[in-house]
Amino acid sequence: MNKPTVDTDSELLIRLGNDDQAAFEELYKRYWQRCYAQVLRRSGDTNLAEDITQSVFVSLWEKRKSVEIRNIGTYLFAAVRFRFITYLKAQPHEEAYSLHVLRDQYDGQNPVEVSVRIKELNEAIDKGVAMMPPKTKIIYTLSRAEYYSVKEIAKKLNLSEKAVEYHITQSLKTLRLVLKDFLTVALLLPAFF
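The rules behind each value
Residues numbered from 1 in each chain as written. Predicted model: local features only at pLDDT ≥ 70, side-chain atom pairs only at ≥ 80, totals over all residues. Heavy atoms only, no water. Helix = DSSP H or I, 4+ residues; strand = E, 2+ residues; numbered from the N terminus. Expected span 1.5 Å × (residues − 1). Buried < 20%, exposed > 50% of the residue type's maximum accessible area, 1.4 Å probe, protein only. Arc of directions from axis to C-beta. Axes fitted to C-alpha atoms, helices over the stretch in contact; angles between N-to-C directions. Left-handed = near helix turned anticlockwise from the far one by under 90°. Contact = heavy atoms within 4.5 Å. Nonpolar A, V, L, I, M, F, W, Y, C, P; charged D, E, K, R; others polar. Parallel < 35°, antiparallel > 145°, perpendicular 65-115°, else oblique. Core = buried A, V, L, I, M, F, W, Y, C linked by side-chain atoms within 4.5 Å.

Asker: Account for helix 3 (residues 46–62), with residues named and values stated.
Answerer: Taking 1.5 Å of rise per residue, the 17 residues of helix 3 would be expected to cover 24 Å, and the 24 Å separating its terminal C-alpha atoms lies within 8% of that figure. Taken together, the buried positions of helix 3 are Leu48, Ala49, Ile52, Thr53, Val56, Phe57, Ser59 and Leu60. Angular distribution of buried residues about the axis of helix 3 spans 160°; they occupy a single face of the element. Seen from the buried face of helix 3, the exposed residues on the opposite side, beyond 90 degrees, are Asn47, Asp51 and Glu62.

This is the structure:
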């Protein structure tokens, strides 16, 4: 009896470069769970872990002809780590800090209370985004929700990179104002429970 042959990662990468979707699917099966687990371990957020992992694999497929990869595992783990770090950098500091404070304050406590506090934080962020002028809101969304770079936004909206940076700065100032009040409340509330 002949054993079925299993392609090595290197063989799958060659096939991937030749638009072989089956090779992509095999790499996906081999590495998706480990990439997902890496983000989940760092973030604790299943949706974020899924989104980042999915975006890395989409990018792998889109760049299959242009990127030179020697070790697919190393490449994917580095790409996932980079996307996660980029995500963290993209978040307003107050938002990330508020979430951290809420998780620490309510760790092990009533999950309903935690859910309510996080919902309030999200509502505060939505309120801040709603206050932004239309162009600033669009640029903020492209930058922070869709992870476009300044250069990509400038090209997409036919603006200078300086103009895009200005709008991002303005959007973060708006969020800081809104979240400043929220952060103060979030820090004071635990004392009363």
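Asker: Quick one: what's the story with the packing of helix 2 (residues 21–43) against helix 3, residue by residue and with numbers?
Answerer: Contact pair helix 2 / helix 3: the axes reach a minimum separation of 8 Å and the direction vectors enclose 145°. In this structure, helix 2 crosses over helix 3, and the sense of that crossing is right-handed. From helix 2, Gln21, Phe24, Leu27, Tyr28, Tyr31, Trp32, Cys35, Tyr36, Val39, Leu40 and Ser43 reach across to helix 3, where they touch Thr46, Leu48, Ala49, Glu50, Ile52, Thr53, Gln54, Phe57, Leu60 and Trp61. Of the residues that constitute the contact of helix 2 with helix 3, the class distribution is 15 nonpolar, five polar and one charged.

Asker: Explain unusual backbone geometry to me, and be specific about the residues and the numbers.
Answerer: Only a minority of non-glycine residues have a phi that is not negative, and only a minority of peptide bonds are not trans. Within the chain, Asp19 stands out as a residue other than glycine whose phi angle is a positive 65°. Position of Asp19 among the secondary structure elements: in the loop between helix 1 (9–17) and helix 2. Positioned with a positive phi, Asn158 is a non-glycine residue whose angle comes to about 55°.

Asker: Tell me about the packing of helix 1 against helix 2, and name the residues and values.
Answerer: Running from N to C, helix 1 and helix 2 point in directions that differ by 140°, and their axes come no closer than 8 Å. Regarding the angle of helix 1 to helix 2, the classification is oblique. Along this stretch, helix 1 crosses helix 2, giving a crossing that reads as left-handed. Between helix 1 and helix 2, the residues in contact are Asp9, Leu12, Leu13, Arg15 and Leu16 and Ala22, Ala23, Phe24, Glu26, Leu27, Arg30 and Tyr31, respectively. Each residue belonging to the contact of helix 1 with helix 2 can be placed in one class, and the counts come to eight nonpolar, no polar and four charged.

Asker: So, the nonpolar core: which residues are in play, and what are the values?
Answerer: Counting residues in each nonpolar core, the largest one holds 24 residues, and the members touching the most others are Leu27, Ile52, Phe57, Leu60, Ile72 and Leu76. Of all the secondary structure elements, the ones that give two or more residues to this core are helix 1, helix 2, helix 3 and helix 4 (72–90). Among the elements that take part in this core, helix 2 stands out by supplying eight residues, more than any other. Beyond its immediate sequence surroundings of up to four residues, Leu27 is in contact with Asp9, Leu12, Leu13, Leu16, Trp32, Phe57 and Ile72. Residues Ala124, Ile125, Val129 and Leu175 belong to the second largest nonpolar core, which totals eight residues.

Asker: Before we move on, could you go through the environment of Arg70 and cite the residues and values that matter?
Answerer: Within the secondary structure, Arg70 is located in the loop between helix 3 and helix 4. In the structure, Arg70 is positioned 60 residues away from Ser10 in sequence and 7.5 Å away in space, judged by C-alpha atoms.

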